[in-house]
Structures are given as C-alpha cells and as structure tokens.
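Coordinate inspection notes
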Amino acid sequence: MGNYNYKLQTVLDFKSSVQDQMMLKYSNAKKELENSEKRLNEFLEDKRKIENEKDNLDYIKTIKDLKNYNSYIEQSNYKINNQKKMINDVKEEVNEAKDNLITASKDKKVFEKLKENDYKKHLNLMKKKESITVDEIVTFISCNN
C-alpha cells in the first residue's frame, strides 16, 4: 500500500513537545501552590498554638512575657499575610500555566486531525491506484483471451 509520510510530522512533534513542557510547568505550579498552602496552614497552626498558650496562662509572669507573646503573634500575622499574597501569585501562575496547556493541547489536536485527514486521503489514493491497476490487469487479460 505504500509508505505513508506526513509532511507536517516535525510540526506535530514540536507541538507535542510544547504540550509536554506546558504540562510540566502546570504540574510544577500546582505543586508549588500545594506547598504554599501547606506552609500557610503551618503558620496558622503556629499562631493558633501560641494564642492558646497565651490565653491558657493562669497568670502572666511579666509584662515582658506578654510583649513577647504579642510580638510573636504579630510576626505570625505578618508571615500569614505574606504567605497569602504568595498563594495569590502562585494561583495566577497556575491559571496561566493551565491556559497555556489548554492552548498547546488544542494546537496539537489540530495537527493530529490534519494528519488523520491526510492519512485518509492517502488511503483513498492508494485504493484508487489499486483499483486502476486491477482494472488494467482485468482489461489486459480479457483482451488476450
């Protein structure tokens, strides 16, 4: 039936590699988001623990102790706010990576569909050539009889 060679195979291969890269970037961004959210939860848990510890004290030994607790809580609030900002930035990266992955997937699908259509044309052409060859053989045989 003849070998089939897709003339845009290099483009399709390139689109596949771009899609793979976008998938990797998306995966990495999702992991970074998960890690950032985990870290935020750790900060929140630390703050909750120190607040509980402060609230459960029967008495405050000194003003200095109270200042230390409040300072630690303020520091925790600062870390929490910064982490929330970081999470928002990472979420934007995740969304951008997702959009890029979707675009790359669509581009690859287009070239796969073109390849499929081109292959169908190739098969039809091969069938026509085979049919012509069979007709010629039948005609040749019938003329010689």
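Residues numbered from 1 in each chain as written. Predicted model: local features only at pLDDT ≥ 70, side-chain atom pairs only at ≥ 80, totals over all residues. Heavy atoms only, no water.

**A word on the side chain of Q83**
Relative to the helices and strands, Q83 resides in helix α2 (residues 63-144). Overall, the relative accessible area of 5% leaves Q83 in the buried class. In contact with Q83, not counting residues within four places along its chain, are S36, R39, L40 and F43. (Helix = DSSP H or I, 4+ residues; strand = E, 2+ residues; numbered from the N terminus. Buried < 20%, exposed > 50% of the residue type's maximum accessible area, 1.4 Å probe, protein only. Contact = heavy atoms within 4.5 Å.)

**Digging into the pattern of salt bridges**
Pairs can form between side chains of opposite charge once their charged atoms are near each other. Evaluated as defined, the whole model comprises 6 salt bridges. E45 is paired through a salt bridge with R48; the nearest N and O atoms lie 2.3 Å apart. In this pair, E45 and R48 are both assigned in helix α1 (residues 9-55), 3 residues apart and thus about one turn of the helix distant. Residue R48 is classed as partly exposed on the basis of its relative accessible area of 39%. (Salt bridge = Lys/Arg side-chain N within 4 Å of Asp/Glu carboxyl O.)

**Quick word on a nonpolar patch on the surface**
Together, I137, F140 and I141 make up an exposed nonpolar region whose accessible area comes to about 310 Å². Among the secondary structure elements, I137 is positioned in helix α2. (Patch = residues over 30% accessible without salt bridge, like charges linked within 9 Å, V, L, I, M, F, W, Y side chains within 5 Å. Areas by Shrake-Rupley, 256 points an atom, 1.4 Å probe, with all protein chains shown as cover.)

**Quick word on the environment of E42**
If you trace the backbone, E42 turns up in helix α1. Classification of E42 as partly exposed rests on a relative accessible area of 44%. Along the primary structure E42 and I80 are separated by 38 residues, whereas in three dimensions their C-alpha atoms are 9.4 Å apart.

**Describing the packing of aromatic side chains**
All chains considered together, the criterion is met by 1 aromatic pair. Centroid distance Y4 to Y119: 4.8 Å. Interplanar angle 80°. Geometry classified as edge-to-face. Pair noted here: Y4 is in the segment before α1 and Y119 is in helix α2, with a separation of 115 residues, a long-range link. Since its relative accessible area comes to 24%, Y4 is described here as partly exposed. Residue Y119 is classed as partly exposed on the basis of its relative accessible area, which comes to 37%. (Phe/Tyr/Trp six-rings, centres within 6.5 Å; stacked < 30°, edge-to-face > 60°.)

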